[in-house]
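Chain and residue survey
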Amino acid sequence: MAGTVNETATWWAQTHANDGDVLVAYFSMEFGVDARLAIYSGGLGVLAGDHLKAAAELGVPLVAVGLFYRGGYFQQSVSEEGRQTERYQELYPEELGLAREPVDVEVDLGGEVVNAAVWRYDVGSVPLYLLDVPWVTDALYSGNREHRIRQELLLGVGGVRALHALGIHATVYHVNEGHAAFLAIERARTHVEAGASVDEAIDEIRRTTVFTTHTPVPAGNEVFDDDLVLRYVGDLARSAGISDDRLLDLGRTPGLDGFGLTPLALRLSVYRNGVSELHGDVAREMWQGIWPGEKTPIDAITNGVHLGTWLAPELDELLREAGVRPEAPPDWANWPAARELDPDALGRVHETLKRRLVEHASLDPERLTIGFARRFATYKRAGLVYSNLERLLALPVQIVVAGKAHPQDAPGKDVMQAIIELSRGAAAGRVVFLEDYDIDLARMIIPGCDIWLNTPQRPHEASGTSGMKAAVNGVLNLSVLDGWWAEAYDPAYGWAIDGGSDEDDAEQLYGLLEQQVVPRFEARDAWLDMMKSSIAELAPRFSMQRTVIEYADRYYVPAARSAA
Ligand SMILES: *Cc1c(COP(=O)(O)O)cnc(C)c1O
């Protein structure tokens, strides 16, 4: 395998060098590239950051566009009462290594014309361009609906103009979640301005747009009132030859009250996907109203994680000694060699990673350690494992918890507060809440756990990338069969909960912990064997390089080829 390719050339150079004029512009509301550049809130942003890193390693011609939020996303602390408190930081672009590009971008935001600065941050060979209008890009997911539409117009419309001003001629546009969907209207305008009819313009845009949807819950998809859309987007659309009625129709679908960015993006793209096989099924059902009587044309490309970011350095070193090269594309990396790892050496590496975590969290280094860290959205059911506290505390386990709730998510904050109270009271010494979850904390928590727990309400978890980060480090997943785990689960390296009512799922969870997880943990050799299976089987399948290769082969190259 390894000998047949010239590995000094990138994957792209070896497989698509002659595929002509491909340049992908990847648009996202959030990017999680580095903890200090705090312009992400959770999995969506980290995924976007990982996409750029993998694209850079593979040599995929790609540029990225986002927003520079002066206040970032909030920093979390916990009050005396166990309540989340939020503090917005002040991000200074120069200190973060951003370089100001010599262009200004003008965008009309509901009659107010703003001039955006454009900052550049290099992710290897991939440039990330971030637009900045301080009063608009004050913070990520801040403000009311009107503020949100301003931010999204700036991203979509300003982003297309920024690329133009920089002399970058993208041939494919990748809309990562609906927030950036307005870019299609601006592209239509430029085609019409250059002499195309509105229908020709829309056809051309559709053939060169990739849209990835991430949200299987209707309420999670961005929806605006018609009058807000007309006030902010009406003029732009009319200058593309799109009447008010036609514009509104692009965002409508039965059952949705208002103008949805997901329907807009679905209608203005040909390449559309959910982020796991199961999520593809859910998305097809959710959006079938857009294509009445037809099979809903939405596919799936399952997410991955960037191994260079998420594989613990100590484990990376051990794998290299065994002949695995984690930075290489999955087919070239020799993952089967991970099966031959010396169990004692793997055990020692894991012990080092675990010690770092339990010392930080003041927990017991011997005890089976369960991790649960992610945004506190209520569908994730962070409280499920505590529903029978007596039964939980009877087990020889301890739990590390972390995660932020959106500032306006009161129910999410209530769940968090209840867990923090437990960690200070009835479950003190057994449950620890670590404040201010971010990429750096995730990199410490995840590889230091023995078990990674995920108990979402099926099928609300579209993917669930933290479980992949665990799996590649040999941390065994115990998860509801939702998102990625529905296609990845195998008893060789983890445990599954069906995903039904809270009561049924809790019952299964306790049963698995009592009868399987704890006894297996005590049978050290069998446990180490599962760890090896997890690494060898799941690292190649859920590497972000595999994901980006799929986007390139299935979408980017065909889309560029069909460009006029
Ligand atoms: C990976 C990651 C997430 C996503 O976690 P899920 O369990 O998939 O929701 C969220 N936040 C941070 C900081 C991450 O690194």
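Placed above this text is the structure.
Remember, it's a predicted structure, so these values are computed and weren't measured experimentally.

For the rest of this paragraph, the subject is the overall build of the protein chain. Counting its regular elements, the protein chain contains 20 helices and 19 strands. A compact globule built from 564 residues should have a C-alpha radius of gyration of about 24 Å, and the protein chain, at 24 Å, falls within 12% of that. Principal-axis analysis of the C-alpha atoms gives the protein chain an extent of 70 × 60 × 55 Å. The burial tally for the protein chain puts 61% of its 564 residues in the buried class. Contacts in the protein chain between residues at least 24 apart in sequence constitute 73% of all its contacts with a sequence separation of at least 6. Looking at the protein chain, you have 50 positive and 83 negative side-chain charges, and the mean spots of the two groups are 1 Å apart.

What follows concerns the packing of helix 3 (residues 145–165) against helix 6 (residues 226–239). With their axes 10 Å apart at the nearest point, helix 3 and helix 6 run at an angle of 15 degrees to one another. Between helix 3 and helix 6, the interaxial angle falls into the category roughly parallel. For helix 3 against helix 6, the interelement crossing comes out right-handed. Contacts between helix 3 and helix 6 involve R145, E146, I149, R150, L153, V157 and R161 from the former and L228, V229, R231, Y232, V233 and L236 from the latter. Partitioning the contact of helix 3 with helix 6 into residue classes produces eight nonpolar, no polar and five charged.

Burial along strand 16 (residues 431–434) is two-sided: V431 and F433 facing one way and V432 and L434 facing the other are all buried. Taken together, the four bridges between strand 15 (residues 397–402) and strand 16 define a ladder with parallel strand orientation. Across the sheet, residue I399 finds its bridge partner in strand 16, namely V431. With helix 14 (residues 410–424) bridging strand 15 and the parallel strand 16, this β-α-β connection has right-handed handedness.

Another point: the site of the ligand. Neighbouring residues of the ligand: 14 residues in total, closest R374, K380, T465, S466 and K469. With respect to the ligand, the side chain of K380 contributes an N or O atom lying 2.7 Å from an oxygen atom. Taking K469, its side chain carries an N or O atom lying 2.6 Å from an oxygen atom of the ligand. Computed on the free molecule, the ligand has an accessible area of 390 Å², of which 96% lies beneath the protein chains in the complex. Of all elements in the fold, only helix 2 (43–58), helix 15 (439–448) and helix 16 (465–472) reach the threshold of two or more residues within the shell around the ligand. Broken down by element, the residue count for the shell around the ligand peaks at three residues, all from helix 16.

Inspection of the secondary structure puts M444 in helix 15. Overall, the relative accessible area of 19% leaves M444 in the buried class. Measuring from C-alpha to C-alpha, the distance between M444 and I399 comes to 14 Å, with 45 residues separating the pair along the chain. With residues near it in sequence (within four places) discarded, M444 still touches R356, L357 and H360.

A sheet is described by the order of its strands in space; here nine strands give the open sequence 5-6-7-2-1-8-9-12-13, paired in mixed fashion. Among the strands making up the open sheet, the edge pair consists of strand 5 (99–109) and strand 13 (299–300). Bridging between strand 1 (residues 24–28) and strand 2 (residues 62–67) involves four bridges; their strand directions are parallel. Its bridge partner being in strand 2, F27 is matched across the sheet by V65. Packing of helix 3 onto the sheet brings it into contact with strand 1, strand 2, strand 5, strand 6 (112–123), strand 7 (126–132) and strand 8 (172–176), and relative to strand 5 it is tilted by some 130 degrees.

The subject of this paragraph is unusual backbone geometry. Most of the time, phi is negative for any residue but glycine, and the peptide bond is trans. The linkage connecting R458 with the following residue, P459, adopts the cis geometry, with an omega of 0 degrees. The topology assignment puts P459 in the loop between strand 17 (451–454) and helix 16. One non-glycine residue, S362, lies in the positive phi region at around 50 degrees. Within the secondary structure, S362 sits in the loop between helix 12 (343–361) and strand 14 (368–373).

Tallying each qualifying case throughout the model produces 15 aromatic pairs. Judged by centre distance (4.9 Å) and plane angle (80 degrees), the ring pair of W484 and F542 falls under edge-to-face. Taken together, the positions of W484 in the loop between strand 18 (476–480) and helix 17 (485–488) and F542 in the loop between helix 19 (524–541) and helix 20 (544–561) put the pair 58 residues apart, joining distant regions of the chain. W484 sits in the buried class, given a relative accessible area of 2%. On the accessibility criterion, F542 (2% relative accessible area) is buried. When the centroid spacing of 5.1 Å and the interplanar angle of 85 degrees are considered together, the rings of F521 and W527 count as edge-to-face. A residue is classified by how much of its surface remains accessible, and F521, at 22% relative accessible area, is partly exposed.

Overall, parallel pairing links the six strands, which are arranged 16-15-14-17-18-19 in an open sheet. Each edge of the open sheet carries a strand with a single partner, namely strand 16 and strand 19 (494–497). With direction set aside, neighbouring strand axes in the sheet form an average angle of 20 degrees. By the bridge criterion, four bridges tie strand 18 to strand 19 in an arrangement that is parallel. The residue of strand 19 that forms the bridge with V480 is I497. Against the sheet, helix 15 engages strand 15, strand 16 and strand 17, with an angle of about 165 degrees to strand 15. Each of strand 14, strand 17, strand 18 and strand 19 touches helix 19; the most contacted strand, strand 18, lies at about 75 degrees to it.

For the coordinates displayed, the defined rule picks out 36 salt bridges. For D122, the salt bridge goes to R120, with nearest N and O atoms at 2.8 Å. You can call R120 partly exposed: its relative accessible area is 28%. The shortest N-O distance in the salt bridge between R161 and E186 comes to 3.0 Å. Of the two residues, R161 is situated in helix 3 and E186 in helix 4 (residues 183–193); the sequence distance between them amounts to 25 residues. Look at E186 and you get buried, because its relative accessible area is 1%. Among the charged side chains, a network of salt bridges with common partners joins R161, E186, R189 and E193.

What counts, and where the lines are drawn
Counting of residues starts from 1 at the beginning of each chain's written sequence and follows it residue by residue. Local features are withheld for residues below a pLDDT of 70 in this predicted model, meaning they are given only at 70 or higher, and side-chain atom pairs are given and counted only at 80 or more; totals for whole chains, interfaces and linings count all residues. Note: side-chain values were computed over all heavy atoms of the structure, leaving out hydrogens and water. Secondary structure is summarised from DSSP: a helix means a run of H or I of at least four residues, a strand means a run of E of at least two, and numbering begins at the N terminus for each. C-alpha atoms define the radius of gyration in this analysis, and the globule rule sets the expected value at 2.2 Å times the number of residues to the power 0.38. Relative accessibility thresholds used throughout: buried, under 20% of the residue-type maximum; exposed, over 50%; partly exposed, between the two (1.4 Å probe, protein chains only). We call two residues in contact when some of their heavy atoms are within 4.5 Å. His is not counted, nor are the chain ends; Lys and Arg add positive charge and Asp and Glu add negative charge. Lys charges are placed at NZ, Arg charges at CZ, Asp charges at CG and Glu charges at CD. Axes here mean lines fitted to C-alpha atoms, for a helix over just the part in contact, with angles spanning 0 to 180 degrees between N-to-C directions. Each angle receives one of four descriptions, namely roughly parallel if under 35 degrees, roughly antiparallel if over 145, roughly perpendicular if within 65 to 115, and oblique otherwise. The handedness criterion is simple: a crossing whose near helix is rotated anticlockwise from the far helix by less than a right angle is left-handed, and one whose near helix is rotated clockwise is right-handed. Each residue gets one label: Ala, Val, Leu, Ile, Met, Phe, Trp, Tyr, Cys and Pro are nonpolar, Asp, Glu, Lys and Arg are charged, and the others, such as Gly, are polar. Here, a strand pair is defined by DSSP locating no fewer than two bridges between the strands. The path from the first strand over the helix to the second decides the hand: if it runs clockwise while the strands point away from the viewer, the crossover is right-handed. Here a residue is near a molecule or strand as soon as one of its heavy atoms is found within 4 Å of it. Any pair of nitrogen or oxygen atoms within 3.5 Å is treated as a polar contact; in protein, a donor-acceptor pairing is required on top of that, and neighbouring residues in sequence qualify only through side-chain atoms on both sides. Under the convention used here, a 1.4 Å probe and the Shrake-Rupley method define accessible areas, while residue burial counts only the protein chains that appear. For Phe, Tyr and Trp, rings pair up if their centres lie within 6.5 Å, where Trp contributes its six-membered ring, and each pair is then called stacked (planes under 30 degrees apart), edge-to-face (over 60) or tilted (otherwise). The salt bridge definition used is simple: a Lys or Arg side-chain nitrogen within 4 Å of an Asp or Glu carboxyl oxygen.

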